[in-house]
Amino acid sequence: MTKKVYPTMVTPFKADGSIDYDGAEKIVKWYIEKGCQGVFAVCQSSEMSFLSLDEKVRLAKSVVSASDGKLSVVASGHTSESLDAQAEEINAISETGIDAFILVSNRFDLHNDGDDEWIKNAEYVLSKIDPSVKLGIYECPMPYKRLLSDRILSWCIESKRFKFIKDTCCDFSLLKHRARLLSGTGIEIYNANAQSILASVRDGAAGYSGIMANFHPELYVWLMEHYDSDDERVNIIQAFLALYAFTEAMDYPITAKYHMKKYSGIDILPDSRWRDKKAFTEYQRLVVDEEAELEKYFIDMIKR
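Here is a short report on the structure shown in this document.

Thresholds, definitions, all that
- In this numbering scheme, every chain counts its residues from 1 along its sequence in written order.
- Two thresholds apply to this predicted model, a pLDDT of at least 70 for residue-level local features and 80 or more for giving and counting side-chain atom pairs, whereas whole-chain, interface and lining totals are computed over all residues.
- Hydrogens are left out, water is left out, and the side-chain values use all remaining heavy atoms of the structure.
- The numbering of helices and of strands both runs from the N terminus, where a helix is a DSSP run of H or I of at least 4 residues and a strand a run of E of at least 2.
- The globule rule is 2.2 Å times the number of residues to the power 0.38, and the radius of gyration it is compared with is taken over C-alpha atoms.
- Whether a residue is buried, partly exposed or exposed follows from its accessible area with a 1.4 Å probe, protein chains only, as a fraction of its type maximum: under 20%, in between, or over 50%, in that order.
- We call two residues in contact whenever any of their non-hydrogen atoms come within 4.5 Å of each other.
- Accessibility throughout is a Shrake-Rupley quantity obtained with a 1.4 Å probe, and a residue counts as covered only by protein chains that appear here.
- The convention used is that axes are lines fitted to C-alpha atoms, helices contributing only their stretch in contact, and that angles between N-to-C directions extend from 0 to 180 degrees.
- Angles below 35 degrees are treated as roughly parallel, those above 145 as roughly antiparallel, those between 65 and 115 as roughly perpendicular, and all remaining angles as oblique.
- Helix crossings get a hand from a simple test, with the near helix turned counterclockwise from the far one by less than a right angle marking a left-handed crossing and a clockwise turn marking a right-handed one.
- Amino acids are sorted into nonpolar (Ala, Val, Leu, Ile, Met, Phe, Trp, Tyr, Cys and Pro), charged (Asp, Glu, Lys and Arg) and polar (every other residue, Gly among them).
- Definition of nonpolar core: a set of buried residues of the types Ala, Val, Leu, Ile, Met, Phe, Trp, Tyr and Cys, connected through side-chain atoms within 4.5 Å.
- At least two bridges found by DSSP between two strands are what make those strands a pair.

**What to know about the overall build of the chain**
When its secondary structure is counted, the chain shows eleven helices and eight strands. Here the C-alpha atoms of the chain give a radius of gyration of 18 Å, agreeing with the 19 Å that 2.2 N^0.38 yields for 304 residues. Referenced to the eigenvectors of the C-alpha coordinate spread, the extents of the chain come out at roughly 50 × 50 × 35 Å. Here the chain holds 304 residues, and the buried ones make up 58% of them. Considering only contacts in the chain between residues 6 or more positions apart, those separated by 24 or more positions represent 74%. Accessible surface computed for the chain: about 12,700 Å², of which carbon and sulfur atoms make up 49%.

Structure representation (structure tokens):
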């Protein structure tokens, strides 16, 4: 089975704080060049909570256009609290030509009241949107991580409307269980956790959808192509990806934009609406620069 890579796309901004749509197109073209099969746009990495609905719609349209059919484009932008406002978001963004709208798991249960509340609210919102729209779910960690229960996953299967789950449980045994539960249903589950990506795809996950594909997507693509081989490089690449991914704790997505510009030649600024770029310290630059040297070594390794 082919395993796929869906980077969680960052949003480039201009110096005046507006979205750099030309820069966004360059990032999409870079994903294509590096062999990614898809892209998750208007997500947490995209700073979706800091975008207006008009910006979310325009950004999704620009990603679809730039992908030119070469990437499967899934997108979120599901940030409102009101259920009716959520339906408005979903309808507007779904009309941009994306392949699936990705729901944020905590939006249907803002106070973590339980599965009954989640399913009731989900059914209400789904009744307000076009039934032909394909859906997914992202266990976004903000404002809180609402993990999906077996009951909710079974509800998704029965609805026949879902195709994509972005798993952030960071629990290998649970992810393995979920992959088995979803096997043969048409719902693909993507692991966001780099440390367990190799083990998870060997046990049924569909691939990787995480923030570190904004640094070295070609390494994830290579790993997804060789995960079931006995190539001795597989475990070495996995170990490097696991180690590098601990930089998630730094000022992402500024780190990713800095890396894109310096090491991939993508002409964007490191600016962010989410993070204060003053918090991106010289120490953090040093860490990214040092790891980039090691990164080059492993990229060369997979080309041999």
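There is more to say, and it comes next.
**A word on the packing of helix H5 (residues 150–159) against helix H6 (residues 172–182)**
With their axes 11 Å apart at the nearest point, H5 and H6 run at an angle of 25° to one another. In terms of axis orientation, H5 runs roughly parallel to H6. H6 is crossed by H5, and the crossing has right-handed handedness. In this structure, H5 contributes Asp150, Leu153 and Ile157 to the contact, and H6 contributes His177, Arg178, Leu181 and Leu182. For the contact of H5 with H6, the class distribution of residues is four nonpolar, one polar and two charged.

**Regarding the nonpolar core**
Formed by 99 residues in total, the largest nonpolar core has its most connected members in Tyr31, Trp118 and Phe162. Among the nonpolar cores identified, the runner-up in size contains six residues, and Met250, Tyr258, Phe280 and Val287 belong to it.

**Side note on the sheet that holds strand E7 (residues 188–191)**
The sheet built from eight strands is open, its strands ordered E1-E8-E7-E6-E5-E4-E3-E2 with parallel pairing. Each edge of the open sheet is held by one strand with a lone partner, namely strand E1 (4–5) and strand E2 (38–41). Across four bridges, the pairing between strand E6 (residues 162–167) and E7 is parallel. Across the sheet, residue Asp167 finds its bridge partner in E7, namely Asn191.

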